[in-house]
Amino acid sequence: MDENKPVPQTEEEDEVRWYSYVALLFAIVFFSGVLATSKEWYSVFDFTVLNGTFGKIAAANGKALTFRGAGGNGCQDGFAFALSLLPAVIFALGVVNVVEGLGGLKAAQKLLSPLLRPLLGIPGACGLGMITSYQSTDAGAGMIKSMYESGIINDDEKTIFAMYQFSGDGTITNFFSSGAALFSILVTPIIVPFAVIMVFKFVGANLIRMYIKFLQKKNGTKEAA
Amino acid sequence: MMAEKKQKKNIIDLFIEGCRKGWDTGIRNMMPNVLMAFILIKALNVTGLLKFLGVVFAPVMALWGLPGEAVTVLVSALMSMGGAIGAAAGLLSAGTMTAKDVTVVMPAIYLMGSLVQYLGRCLGTAEVNSKYYAVMVGIAVLNALLAMWVMKIIVAMV
């Protein structure tokens with residue numbers, strides 16, 4: 001599924017505010033599912049709780065079914081199924097938009113930037129491009145190109161950063177749109193597969209980092225910036 | 001948290017705007033992808049190819065405790081993440097995959113997702129040296145395969 005949001009270009013005028021961190025924390029808790037099984041009032045801060053369930057329809061055999069029914073197949077069943085998924089997709093993107101609008105992603109960027117050199121061997125300045133790529137594949141890739149052209153990253157760093165984005169690109173947009181379709185059937189909290197994706201993005205980037213080092217050793221060359 | 005005067009849009013506006021995006025994505029991207037996947041699975045079913053794929057890939061997919069048919073999810077992921085989600089949903093409703101199976105492949109769908117498109121949209125746009133392309137695709141697929149093992153372990157603990 002393809003995100004085609006326009007570029008959230010470069011540094012916005014305003015800095016990260018306190019509520020940006022709150023929004024980020026809220027998003028993590030909200031999609032983590034940690035409060036899903038709570039019977040207390042604060043289960044209100046959970047995506048699946050608020051997403052709710054469809055009403056049941058009594059079937060002839062005494063079973064209760066949703067409007068999708070049972071035993072359908074092919075295109076028609078696909079249509080009914082897709083309809084049943086719509087609420088989760090609409091709701092999830094609504095929440096993501098609020099978090100984004102309150103600067104939650106900018107807060108994440110601020111927290112991530114100091115970690116980029118140790119974790120990926122790329123400059124902290126790549127933080128914005130990284131956060132952007134979570135929302136838009138095209139915008140994220142465009143920022144790699146412009147950072148390389150303005151000399152902020154060298155060729156090796158460009159390759160590492162591109163690998164980071166390439167695997168699981170458009171992460172947030174894709175996961176919370178197409179992925180939302182399956183949120184209700186996941187046997188783990190929603191945040192678990194998302195976190196696994198995030199971790200492996202770093203793994204992949206480090207594999208290409210090692211590969212580049214290996215090539216350089218083999219060729220006996222020392223590539224400078 | 002929330003509404004400060006500086007904010008041009010308030011939280012309600014932001015939420016409604018996001019929901020509208022969700023509706024658009026749902027109708028324009030998710031639904032066509034799900035329909036295509038359901039039709040494909042129906043076609044594979046009618047022709048008996050799905051059973052065939054299931055048998056052929058059973059030994060491979062067994063590495064992750066998945067039915068052989070799950071290979072269709074991974075192959076469609078290379079083309080489109082949404083298509084793969086649809087394929088997983090289709091196999092789930094056909095009873096071929098369980099909710100646990102779907103949870104296991106979920107991260108893999110994204111880690112090796114849409115690579116065919118992203119060769120152009122990511123690596124092409126970023127002007128990555130094309131000598132790396134093959135390795136990078138390999139790493140993305142490896143990411144996906146490793147992630148399925150991690151998910152298998154996590155799911156086993158749930």
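Further up the page is the structure itself.
Residues numbered from 1 in each chain as written. Chains lettered and ligands numbered in written order. Predicted model: local features only at pLDDT ≥ 70, side-chain atom pairs only at ≥ 80, totals over all residues. Heavy atoms only, no water.

**Student:** How would you explain the overall build of chain B if you had to name every residue and give the values?
**Tutor:** Looking only at helices and strands, chain B has seven helices and zero strands in total. Going from N to C terminus, chain B has its helices and strands arranged as α-α-α-α-α-α-α. Its C-alpha atoms put chain B at 60 × 40 × 35 Å along the principal axes. Looking at chain B as a whole, 47% of its 158 residues qualify as buried. The long-range share in chain B, meaning contacts at least 24 apart out of those at least 6 apart in sequence, stands at 64%. Here chain B displays about 7,200 Å² of accessible surface, and carbon together with sulfur accounts for 69% of that area. Treating the 13 positive side-chain charges of chain B as one cloud and the 7 negative ones as another, the clouds have centres 2 Å apart. (Helix = DSSP H or I, 4+ residues; strand = E, 2+ residues; numbered from the N terminus. Buried < 20%, exposed > 50% of the residue type's maximum accessible area, 1.4 Å probe, protein only. Contact = heavy atoms within 4.5 Å. Areas by Shrake-Rupley, 256 points an atom, 1.4 Å probe, with all protein chains shown as cover. Lys, Arg positive; Asp, Glu negative; His and termini not counted. Charge placed at Lys NZ, Arg CZ, Asp CG, Glu CD.)

**Student:** Go over a nonpolar patch on the surface, please, and point to the residues and values.
**Tutor:** Residue and element names in this part refer to chain A. Taken together, the side chains of Trp41, Tyr42, Val44, Phe45, Val49 and Leu50 make up a nonpolar region of the molecular surface, amounting to roughly 570 Å² of accessible area. Its place among the elements puts tryptophan 41 in the loop between α1 (18-32) and α2 (47-51). Residue classification places tryptophan 41 among the exposed residues on the basis of a relative accessible area of 63%. (Patch = residues over 30% accessible without salt bridge, like charges linked within 9 Å, V, L, I, M, F, W, Y side chains within 5 Å. Salt bridge = Lys/Arg side-chain N within 4 Å of Asp/Glu carboxyl O.)

**Student:** Can you break down the pattern of salt bridges residue by residue, with the values?
**Tutor:** According to the stated counting rule, one finds seven salt bridges over all chains in the structure shown. Between arginine 121 of chain B and aspartate 138 of chain A there is a salt bridge, and its shortest N-O distance comes to 2.9 Å. Of this pair, arginine 121 of chain B sits in helix α6 (residues 115-124) while aspartate 138 of chain A sits in helix α7 (residues 137-149), each in a different chain. With relative accessibility at 18%, the residue arginine 121 of chain B sits in the buried group. A salt bridge links lysine 9 of chain B to glutamate 17 of chain B, with the nearest nitrogen and oxygen atoms 2.9 Å apart. The partly exposed category is assigned to lysine 9 of chain B, whose relative accessible area is 39%. Each member of the salt-bridge network shares a partner with another, and the members are Lys145 and Glu149 of chain A together with Glu127 of chain B.

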